[in-house]
2 protein chains.
Amino acid sequence: MVFDFKKMDGMIPAITQDWQTGEVLMLAYMNEEAFAKTLETGKMHYYSRSRDKLWMKGESSGHVQLVKEILVDCDQDAGVFKIEQVGGAACHVGYNSCFYRAVETEGRLRIVKMQKVFEPEEVYKK
Amino acid sequence: MVFDFKKMDGMIPAITQDWQTGEVLMLAYMNEEAFAKTLETGKMHYYSRSRDKLWMKGESSGHVQLVKEILVDCDQDAGVFKIEQVGGAACHVGYNSCFYRAVETEGRLRIVKMQKVFEPEEVYKK
C-alpha cells in the first residue's frame, strides 16, 4: 500500500510542486482511482469534492501536469507530487501557482505574484 | 476572512515548507484556533484529528517552527506556511521532512532521505 485512503473519506491531499523550482503550485485531492490514473498515465488526476468526479488537470485548459516524482509522508496519508506544468500555469485564475496571495500582518490578503500567465476567459472558452 | 474553514469540518490543510530550500516538510491540519495561535505567536500550531486537540509543533521535541510567510490559495481553503525549522527535523520519525519516501515504478516505497536528523526515542522521552 502506498497511501492510506481511509483516513479522509477515501481521499488524500495531494501537494503539487514544481519539480525544478520547488514552488508549491496547488493542493487538491486524490481518491484511489485518481492516484491509479496518475500512475498509469504519468499525468496528474484529481478527485473533485464539489463535482464528485475524477478529473485530469488540463483537460479543459490543456495545461496538463507531467509527474516527475511522488513522495509519501510518514503516515502515508499525504503526497507530494513533483511535476512539470505544461503551459506554465497551475491555477485556474491564471497564475502559475494557486498560492498567489500572502497574509499581511494586519490579516489582509495581498497578491504576491507579479503577472498572470494567462487570462481565464481566454483559456476556458465554453 | 483569510481561510474558509467550513469546507472540511472546520479545518484547512496546512503545507509546511522550508523557507530557504523550498522543501515540503509536512502536511497537517489547522482549525480556526490553531491558525489564530499561529498568527499570535509566530509558531506553527496545528489541530490533531486523531487526538482532537490543538498542539504546537515542538511542544514535546523542542523543534518548533518559526513562521516566515503565509500563502493562501485561490479557493482560500489551503495554506502554505514558510517556516524555519528549529532543530532541523520536522518529522516525528527523525527525518527533516515527513516526505522521506518516494514511490518506485513498481509501486513500492523507497527511502530517499539519506540520514535521520535525530532518533525519536532520544527526543521523545516520556
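See above for the structure.
Attention in this report is confined to the structure presented alongside it. (Residues numbered from 1 in each chain as written. Chains lettered and ligands numbered in written order. Predicted model: local features only at pLDDT ≥ 70, side-chain atom pairs only at ≥ 80, totals over all residues.)

1. Quick word on helix α1 (residues 32–41) of chain B
For clarity, the threshold we go by: The exposure label follows from counting other C-beta atoms within 10 Å of a residue's C-beta, where the C-beta atoms are placed from the backbone and the thresholds are 20 or more for buried and 12 or fewer for exposed, leaving partly exposed in between. Going along the chain from the N terminus, every DSSP run of H or I of four or more residues is numbered as a helix, and every run of E of two or more is numbered as a strand. Throughout, the arc means that of the directions going from the helix axis to the C-beta atoms.
Among the residues making up α1 of chain B, those that are buried are A34, F35, K37 and T38 of chain B. Buried residues in α1 of chain B, looked at end-on, bunch into an arc of 165°, giving them a common side.

2. Quick notes on the interface of chain A and chain B
As a reminder of what qualifies: This entry defines residue contacts through backbone-placed C-beta atoms, with two residues in contact when those atoms are within 7 Å. Three classes are used: nonpolar for Ala, Val, Leu, Ile, Met, Phe, Trp, Tyr, Cys and Pro, charged for Asp, Glu, Lys and Arg, and polar for all others, with Gly counted as polar. Pairing between strands is defined by DSSP: at least two bridges between them are needed.
With 27 residues of chain A at the interface, the matching set in chain B holds 27 residues. Its residues assigned to classes, the side of chain A that touches chain B comprises 19 nonpolar, four polar and four charged. Bridging between strand β5 (residues 65–72) of chain A and strand β7 (residues 101–103) of chain B involves two bridges; their strand directions are antiparallel. What sits directly across from V72 of chain A, in β7 of chain B, is R101 of chain B.

3. A closer look at the relation of the copies chain A and chain B
The cut-off we apply is this: Only residues with pLDDT of at least 70 in both copies contribute their C-alpha atoms to the least-squares superposition of the copies.
After a rotation of 180° and a shift along the axis of 0.0 Å, chain A superposes on chain B with an RMSD of 0.0 Å. Given the turn and translation reported, the copies of this chain are related as if by a two-fold rotation axis. Scanning chain A for the C-alpha nearest the rotation axis identifies G22 of chain A, at a separation of 2.7 Å. The overlap is high: 100% of the interface residues of chain A also sit at the interface in chain B, so the same surface is used on both sides.

4. Let's talk about the pairing of strand β2 (residues 24–31) of chain B
Residue and element names in this part refer to chain B. The buried fraction of β2 amounts to seven of the eight residues, a majority that puts the element mostly inside the structure. Relative to β2, strand β1 (residues 11–18) runs antiparallel, the two being bridged by seven bridges. Along β2, the bridge assignment pairs Q17 with V24. Here β1 folds back onto β2, and the loop between the two strands holds five residues, one of which, G22, carries a positive phi near 80°.

5. What to know about unusual backbone geometry
Leaving glycine out, the prevailing phi sign among residues is negative, and the prevailing peptide bond configuration is trans. Of note, the phi angle at D9 of chain A is positive, near 50°, even though the residue is not glycine. Following the sequence through the fold, D9 of chain A ends up in the segment before β1 (11–18). What makes D9 of chain A exposed here is the crowd of 10 C-beta atoms within 10 Å. With a phi angle near 55°, Q76 of chain B is a residue other than glycine that sits in the positive phi range. Residue position: Q76 of chain B is located in the loop between β5 (65–72) and β6 (79–85). By the C-beta count within 10 Å, which is 16 here, Q76 of chain B ends up partly exposed.

6. What to know about the nonpolar core
What counts here: What we call a nonpolar core is a set of buried Ala, Val, Leu, Ile, Met, Phe, Trp, Tyr and Cys residues whose membership is set by joining through C-beta atoms within 7 Å.
In terms of nonpolar packing, the biggest core is built from 62 residues, with I15 and M30 of chain A together with I15 and M30 of chain B touching the most fellow members. With residues up to four places along the chain from it excluded, the contact list for M30 of chain A reads M11, I12, A14, F35, Y46 and Y47 of chain A.

7. Digging into the pairing of β5 of chain A
For a regular strand, side-chain orientation follows a simple rule: the groups alternate between the two sheet faces. Residue and element names in this part refer to chain A. Two strands pair when backbone bridges link them, and β5 and strand β6 (residues 79–85) are joined in this way by seven bridges, in the antiparallel orientation. Its bridge partner being in β6, V67 is matched across the sheet by I83. Counting the residues in the hairpin turn of β5 and β6 gives six residues, including Q76, whose phi is positive at 55°.

8. Structural notes on the sheet that holds β6 of chain B
To keep things clear, this is the line we draw: Note on method: axes are straight lines fitted to C-alpha atoms, helices fitted across the in-contact stretch only, with angles between N-to-C directions ranging 0 to 180 degrees.
Read from one edge of the open sheet, six strands run β8(A)-β7(A)-β5(B)-β6(B)-β1(B)-β2(B), paired in mixed fashion. Of all strands in the sheet, those bounded by a partner on one side alone are β8 (109–111) of chain A together with β2 of chain B. If you compare each strand with its neighbour and ignore which way they point, the axes differ by 35° on average. With respect to the sheet, α1 of chain B is in contact with β2 and β5 of chain B, its orientation differing from that of β2 of chain B by roughly 120°.

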